[in-house]
Amino acid sequence: MSERVVLVGYGPVGARLIEGLLPAVRDGRIDLTVIGAETHDVYNRVLLAEYAVGRADREGLDMGDRLIAEEAGVKFVLGMTVVGVDRDRQVVRLHDGIRVPYDRLVLATGARANVPTLAGLERAQRHRAARPGNPAELDRGAAPLPRGVVALRDLADAEHVRAAVSAGQRIVVLGAGVLGMELALAAAEAGAEVVVAYHSAAPMNRTLDENGGRVLAAAATAVGVEMMHHARAESIVQRYDDHGQAWFDGLVCADGKVLAGDLLVLSCGVAARTEVASLAGLATSTGVLVDGASRSWTDPNVFAIGDCAHVADPAEAGEDGRVPGGPSGLVGPGWRQADRLAALLAAGDGSAAASASPALAAGAAASVAPVPAERPGVVMLKAEGIDVVAGGAVDADPFAPVHAAACHAPQVTLWADPARGAYVKLVTVDGVLTGFVSVGMPRTGAELTLLFERGSELPADRSSLLRLDAPDAGMAVVADPFAADATVCWCNGVSAGAIRDAVAAGEPTVACVKASTRAGTGCGGCVGRISELLAREAVPA
């Protein structure tokens, strides 16, 4: 008898799970139903900014193939919202009253954009305790965002930004994380007037140290983006058109300064969609709490993957109930969770026995799989002519006193040339790179990325790394960034060797490499490296 699997969420991570389960669906081992709140087929949200500024067309966002999945037997229920889960009866309830039974429930509900506490946005703020009811209100408060305010989380938001960019309007970006900076730089390059407002002293403060952020801010200013640091936003002001409709007109800061604009883009982080899980009595923290197998801490028949999943060991919970960590916010870890879960579900995982016996179910819940170790994260800013890459912990103070008796104390190396937009910070422990920042040094950044990924020791002469970006350096490197085991695509974990194998098998273009290896289909930050690798192999890209 087929095992009934219900997947709630049809985003990139959910689509990856569908793909992994197709053989089991075709064989009749799994009866898969997919419930999605949007009416669109799955698309790449990571590339919404690329579409919003005109760098990508609508078709370039599409992912997966629903027709192939439907032919295999997958049932899609789109434009529907889950408003409840009865775990005793193992039934999912939709907003129109329809009930969908399941043996295994997978939550891939993702995350929603945070709406900051600004005067003028109060009614758009969604209270954490709000209960899902009307699907139109699931991701918002009592009212939608005011006209001229978007969060760039879906296609409708992207269309608003695209129109503003095309018209050369003035765009105010609130928040200077990696996504906010990428949008601001791309919109400015496309002809829009852009100002970025952020609370901290420097942009990307969760990724870069302050000095690296300041060098980035100077580079952004040089290409026409107005950077407003220490700008604590308090409210918005609105104007009224000839039809009496209110539109965003400016962002008011605590010092009284008003940042006028035609469009406000909120880039203030995201929060996991956990309300369905919470109402179902599942353990949640900053996401739905799951073990290393993506299984809920509470119910062995419920799983969560992607941006809604908080992967942790129950033993890590403190006495106050707090659990360290949280959803990664990156598509790569979500895809790896989907791959592991697809293999688990396709193998059966003893679910029939666990479902048949409460005692066995309790035992399954207690038998928690260990959390798999993720590769260290590296963040790369996708921007024309501005090279920024960072990884690991970079907060170490270069001038903190180091006691002779201190073991494994971090050592910090700095090099800065702010006038030319270049900055490097290295943090090492026992000679091994544990964190780094590279701004305006593309070859040095590529080298550090490789050394960081491998956990390699740095050369004794740290200055040799800086020579990689010297005009007379040629292509000399300390380690080959395109060695067979070097990761080219971080989202999918695709190595240079795997791409070479694809080329040897007759996949000679970037598009073919994407299709055969998935490299370049996530955040898109590795497409340039794929092209460079193809060029080095003397293959037209």
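Please refer to the structure placed before this passage.
Residues numbered from 1 in each chain as written. Predicted model: local features only at pLDDT ≥ 70, side-chain atom pairs only at ≥ 80, totals over all residues. Heavy atoms only, no water.

## Notes on the packing of helix H13 (residues 496-504) against helix H15 (residues 527-536)
Consideration 1: Put simply, H13 and H15 touch, their axes get as near as 11 Å, and they point 55° apart. In this view, H13 runs oblique relative to H15, as classed from their interaxial angle. Note on packing geometry: the crossing formed by H13 with H15 is right-handed. Here Ala-496, Ile-499, Arg-500 and Val-503 of H13 come into contact with H15, specifically with Ile-530, Leu-533 and Leu-534.
Consideration 2: Among the residues making up the contact of H13 with H15, the classes are represented as 6 nonpolar, no polar and 1 charged. (Axes fitted to C-alpha atoms, helices over the stretch in contact; angles between N-to-C directions. Helix = DSSP H or I, 4+ residues; strand = E, 2+ residues; numbered from the N terminus. Parallel < 35°, antiparallel > 145°, perpendicular 65-115°, else oblique. Left-handed = near helix turned anticlockwise from the far one by under 90°. Contact = heavy atoms within 4.5 Å. Nonpolar A, V, L, I, M, F, W, Y, C, P; charged D, E, K, R; others polar.)

## Some points on the packing of aromatic side chains
Consideration 1: The full count for this structure, using the stated rule, is 2 aromatic pairs.
Consideration 2: Between the aromatic rings of Tyr-10 and Phe-76, the centroid separation amounts to 5.1 Å while the plane-to-plane angle is 55°, which identifies the pairing as tilted. Residue Tyr-10 is found in the loop between strand S1 (3-8) and helix H1 (12-26), and its partner Phe-76 is found in strand S3 (residues 75-78); the two are separated by 66 residues along the sequence. Of the two residues examined, Tyr-10 and Phe-76, each falls in the buried class.
Consideration 3: Residue placement shows Arg-66 over the ring face of Phe-76; its charged tip is 5.7 Å from the ring centre.
Consideration 4: Looking at Arg-162, its charged tip hangs above the ring of Tyr-51, at a distance of 4.3 Å from the centre. (Phe/Tyr/Trp six-rings, centres within 6.5 Å; stacked < 30°, edge-to-face > 60°. Buried < 20%, exposed > 50% of the residue type's maximum accessible area, 1.4 Å probe, protein only. Lys NZ or Arg CZ within 6 Å of the ring centre and 35° of its normal.)

## Points about the pattern of salt bridges
A side chain with one charge can pair with a side chain of the opposite charge if their charged atoms come near.
Consideration 1: The tally for this structure, following the rule as stated, stands at 22 salt bridges.
Consideration 2: Note that Asp-31 is salt-bridged to Lys-75, the shortest N-O span being 2.4 Å. Highlighted residues: Asp-31 in strand S2 (residues 30-36) and Lys-75 in strand S3, separated in sequence by 44 residues.
Consideration 3: Residue classification places Asp-31 among the partly exposed residues on the basis of a relative accessible area of 27%.
Consideration 4: Residue classification places Lys-75 among the partly exposed residues on the basis of a relative accessible area of 39%.
Consideration 5: Arg-87 is paired through a salt bridge with Asp-299; the nearest N and O atoms lie 3.1 Å apart. Taken together, the residues span a long stretch of sequence, with Arg-87 in the loop between strand S4 (82-86) and strand S5 (91-94) and Asp-299 in the loop between strand S18 (288-290) and strand S19 (302-304) at a distance of 212 residues.
Consideration 6: When salt bridges with common partners are traced through the structure, they connect Asp-41, Arg-66 and Glu-70 into a single cluster. (Salt bridge = Lys/Arg side-chain N within 4 Å of Asp/Glu carboxyl O.)

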